[in-house]
Amino acid sequence: MAVQYSLFFIQRFKGKVLFNVPMSEYTSIKIGGPADVMAFPQDEGDLKDILAFAEAKSFPFYILGGGTNLLVRDGGIRSIVINMSEGFKDIVWEDETNASVGAGVRLSELLFQCRERGLTGFEFASGIPGTIGGAVMMNAGAYGGEMKDIVEGVEVIGKKGVKNFIPKKDLAFAYRKAEVPKGAAVTRAHMKFEKSTPDAVKEKIRDLKERRKTTAHITFPNAGSVFRNPENKSAGRLIEEAGLKGERSGDAQISEVHANYIVNLGAAKAKDVLSLMALIRDRVYSQKGVVLEPEIKVIGEDQ
Ligand SMILES: Cc1cc2nc3c(=O)[nH]c(=O)nc-3n(C[C@H](O)[C@H](O)[C@H](O)COP(=O)(O)OP(=O)(O)OC[C@H]3O[C@@H](n4cnc5c(N)ncnc54)[C@H](O)[C@@H]3O)c2cc1C
């Protein structure tokens, strides 16, 4: 309640603020209990205000992109969720090959523009959902390409609402991760592509879509790959070889199409997904001697 009343005093906030929001509506796997508060900053001013406010009041907060790499526990989130996916949606072309891209831009939208302009380097993003902010933080990638190949640096707003530019070298990109100061929100990514032709880019996208055909057949809600690939190994293959494809807990199922995906057949709870994740880890360790580490982020409280 204290959070609600206090938020109403941020008179300048232009975005919407929602209370008691089911996270199942904001995650691709459609699972998750309620967040106490969700704020949708429209621009840097809003974001500065909400971050400074949270810090001044010692309210915890969580930064959300498209929610496509996320499992929220069934008890929900006792924090302000700062949803970056409704503001920061502009793409500014600085010259022929360089763009400054808002954190809320969908990867598919940027890929569309690259294709129209005949720019190569971003084709790997074909079929990856989510926002630019989330993709930077996860160093999202596929088929040999990843965000680190094209990101030159990012703009962030961090503690006390202070704005900063972080150059690529300080982002310390690694497999499915990047470093930004704790609690900072990425607002823009500066990206550089190479010149090609619309037809050649279209052809590359078509080729990658063909390679992605297996997972494209997963029709139930999911959060992408659940576990990171151990060095020189495929998590999916290890899980499949452990005989776990199709295994269920409640309405959560280890996909019959790709074993590193857990799907929500309808009314799955986070606890069902977590119990399948525990089963996978135990079975793969006992049968293969390999410890699998989660790729998806698990947040929130148990019910
Ligand atoms: C069907 C499917 C296929 C997928 N395929 C791939 C794939 O091939 N390769 C791949 O790498 N991933 C894949 N993913 C996973 C996911 O789409 C990517 O990791 C994506 O980049 C996450 O972006 P998001 O905006 O949804 O981030 P979210 O899931 O919302 O957040 C991810 C992390 O980033 C942080 N974050 C988000 N936005 C910001 C911001 N603006 N500032 C600071 N922190 C932020 C969050 O706090 C969280 O820690 C797939 C997912 C699905 C559902």
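Residues numbered from 1 in each chain as written. Predicted model: local features only at pLDDT ≥ 70, side-chain atom pairs only at ≥ 80, totals over all residues.

Draft legend 1. Examining the nonpolar core more closely. Ranked by size, the top nonpolar core spans 84 residues in total, and within it Leu-71, Ile-82, Ile-132, Val-136, Ala-185, Val-186 and Val-273 carry the most contacts. Among the elements that take part in this core, helix 9 (residues 270-288) stands out by supplying 6 residues, more than any other. Aside from chain neighbours lying at most four places away, what touches Val-136 is Met-147, Val-151, Val-154, Ala-178, Val-186 and Ala-189. (Core = buried A, V, L, I, M, F, W, Y, C linked by C-beta atoms within 7 Å. Buried ≥ 20, exposed ≤ 12 C-beta atoms within 10 Å, placed from the backbone. Helix = DSSP H or I, 4+ residues; strand = E, 2+ residues; numbered from the N terminus. Contact = placed C-beta atoms within 7 Å.)

Draft legend 2. Layout of the domain arrangement of the protein chain. Each domain of the protein chain was delimited in the assignment, giving domain 1 (2-83), domain 2 (91-211) and domain 3 (218-299). The C-alpha centroid of domain 3 is placed 28 Å from the C-alpha centroid of domain 1. Contacts between the two partners involve 15 residues from domain 1 and, on the opposite side, 14 residues from domain 3. The residue inventory of the side of domain 1 that touches domain 3, partitioned by class, reads 7 nonpolar, 5 polar and 3 charged. (Domains from an automatic or database assignment. Nonpolar A, V, L, I, M, F, W, Y, C, P; charged D, E, K, R; others polar.)

Draft legend 3. Inspection of the site of the ligand at higher detail. What surrounds the ligand is a group of 29 residues, the closest being Gly-65, Gly-130, Gly-133, Gly-134 and Gly-224. In terms of residues, the shell around the ligand owes the most to one element, helix 4 (residues 132-138), which gives 5 residues. (Near = placed C-beta within 6 Å.)

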